[in-house]
Amino acid sequence: PTVQKYCLVETDEITQTRRFKLPQLKDLLEPDLVVATLSTSRCLAQQLPVGHFTHILLDEAAQALETEAIMPLILANKNTRVVLAGDHMQLEPEVVSPFALEKRLNLSILERLFDHYPSNHPCKILLCENYRSHDEIVSFTSGLFYEQKLISSGKQPPHPTWFPLTFFTARGQEVQDVNSTSYYNNYEVGEIVDRLVELRKNWPKTWGKKEDTEIGVVSPYHDQVMRIRAELRKKRLHNISVERVQNVQGKQYRAIFISTV
């Protein structure tokens, strides 16, 4: 309801249902700030003159196909400040076509430009302070992906018995059903569920109130996600979030489990 106050919504005269509508020129000239998805930004390019916006900001630019990211940039001229915000060390654009992969369409415009400019170029800005994760997790990723430039500033309290970054093993193997392109590992499902139950029993007081919504599980595969959800339902743990990796960008949890399959 809060966001809808700023959306273009119309009511169908016959059915009296509300629906989103495409913007007209007058809708675009009045506001100082316009928010759109990359694909719907083509409506802006078809109606507004080049240079209309002083700034164009693309959020999560590392996940966007370059062909999508170009659409809002059509409106930029030499006086427009363009900001590509994102992290090319995280998720890349999801491309399933072998032909598109061959043409390197899984490379985002953010990553291509990041590699194009020298490391000390003023157009490249690294936000190096992390407030979300414990220092041990930040140190691990900083050394692996960010040339030790990432630092922890959040002072997150650790679990009293589990190390902040802990690896558990499951002696299973990945399985693929005949009519599926996905994979699952039943032994890993059992290991994840057991550890979730264990965490709930030993929830640290320093983490605040025990909330299942504070726990997240991610996996690259849909079949694994569905099997973990089914096992958690049996134990009445309905509020623990279990999602594919692509669906958790920008979310944060007190504890997160990664099921690699």
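Here the structure is a predicted model, which means the values were calculated and not measured. (Residues numbered from 1 in each chain as written. Predicted model: local features only at pLDDT ≥ 70, side-chain atom pairs only at ≥ 80, totals over all residues. Heavy atoms only, no water.)

Peer 1: What am I meant to see in unusual backbone geometry here?
Peer 2: What you tend to see is this: most non-glycine residues have negative phi, and most peptide bonds are trans. Backbone geometry places Glu-60, a non-glycine residue, at a positive phi of 50°. Inspection of the secondary structure assignment puts Glu-60 in the loop between strand 3 (55-58) and helix 3 (66-73). Here Glu-60 falls in the partly exposed class, since its relative accessible area comes to 30%. A positive phi angle, close to 55°, is found at Glu-147, a residue other than glycine. Note that Glu-147 resides in the loop between helix 6 (135-145) and strand 6 (151-152). A residue is classified by how much of its surface remains accessible, and Glu-147, at 61% relative accessible area, is exposed. (Helix = DSSP H or I, 4+ residues; strand = E, 2+ residues; numbered from the N terminus. Buried < 20%, exposed > 50% of the residue type's maximum accessible area, 1.4 Å probe, protein only.)

Peer 1: Before we go on, may I ask you to explain helix 8 (residues 222-234) in this structure?
Peer 2: When the terminal C-alpha atoms of helix 8 are compared, their 19 Å separation across 13 residues agrees well with the 18 Å that a helix rising 1.5 Å per residue should span. Looking at the buried positions of helix 8, the neighbouring elements they touch are helix 7 (186-201), strand 7 (215-219) and strand 8 (241-244). Taken from the residues just after helix 8, Arg-236 is the one with a positive phi, measuring 60°. (Expected span 1.5 Å × (residues − 1). Contact = heavy atoms within 4.5 Å.)

Peer 1: Help me understand the nonpolar core in this model?
Peer 2: Burial of nonpolar side chains together is a common tendency in soluble globular proteins. In terms of nonpolar packing, the biggest core is built from 18 residues, with Leu-196, Leu-199, Val-217, Leu-232 and Phe-257 touching the most fellow members. Counting residues per element, the ones that place at least two in this core are helix 7, strand 7, helix 8 and strand 9 (255-258). Per-element tally for this core: the top contributor is helix 7, with 5 residues. If we ignore the near neighbours within four places in the chain, the residues touching Leu-199 are His-159, Trp-162, Trp-207, Ile-215, Ala-255 and Phe-257. (Core = buried A, V, L, I, M, F, W, Y, C linked by side-chain atoms within 4.5 Å.)

Peer 1: Where do I start with the pattern of salt bridges in this structure?
Peer 2: Oppositely charged side chains can form a pair if their charged atoms are brought close together. As enumerated under the stated definition, the model contains 12 salt bridges in all. We note a salt bridge from Arg-19 to Glu-10, for which the minimum N-O separation is 3.1 Å. With a closest N to O distance of 3.1 Å, Asp-12 and Arg-19 form a salt bridge. On the basis of relative accessibility, which here comes to 16%, the residue Asp-12 falls in the buried class. One network of salt bridges, with partners in common, ties together Glu-10, Asp-12 and Arg-19. (Salt bridge = Lys/Arg side-chain N within 4 Å of Asp/Glu carboxyl O.)

Peer 1: For this particular structure, what's the right way to read the packing of aromatic side chains?
Peer 2: Here the distance between the centres and the angle between the planes together describe a pair of aromatic rings. Throughout the structure, instances matching the rule amount to 5 aromatic pairs. Between Phe-145 and Tyr-146 the ring centres are 6.3 Å apart and the planes differ by 70°, which places this aromatic pair in the edge-to-face class. Given the relative accessible area of 37%, Phe-145 is considered partly exposed. By relative accessible area, which is 16% here, Tyr-146 ends up buried. An aromatic cluster is present here, built from Trp-162, Phe-168 and Phe-257 joined pairwise through their rings. Here Arg-227 stacks its cationic end above the ring of Tyr-184, 3.5 Å away from the centre of that ring. (Phe/Tyr/Trp six-rings, centres within 6.5 Å; stacked < 30°, edge-to-face > 60°. Lys NZ or Arg CZ within 6 Å of the ring centre and 35° of its normal.)

Peer 1: Sorry, what's going on with the sheet that holds strand 9 here?
Peer 2: Hydrogen bonding along the main chain pairs the strands of a sheet, whether they run parallel or antiparallel. With parallel pairing, 3 strands are arranged side by side in an open sheet as 8-7-9. The two strands at the open ends of the sheet, each matched to only one other strand, are strand 8 and strand 9. Here the strands of the sheet are splayed against their neighbours by 20° on average, with no regard to which way each runs. The pairing of strand 7 with strand 8 spans 4 bridges and is classified as parallel. When the bridges of strand 8 are listed, Val-218 appears paired with Glu-243. In the packing of helix 8 onto the sheet, contacts are made with strand 7 and strand 8, and the angle to strand 8 comes to roughly 170°. (Pairing = 2+ DSSP bridges. Axes fitted to C-alpha atoms, helices over the stretch in contact; angles between N-to-C directions.)

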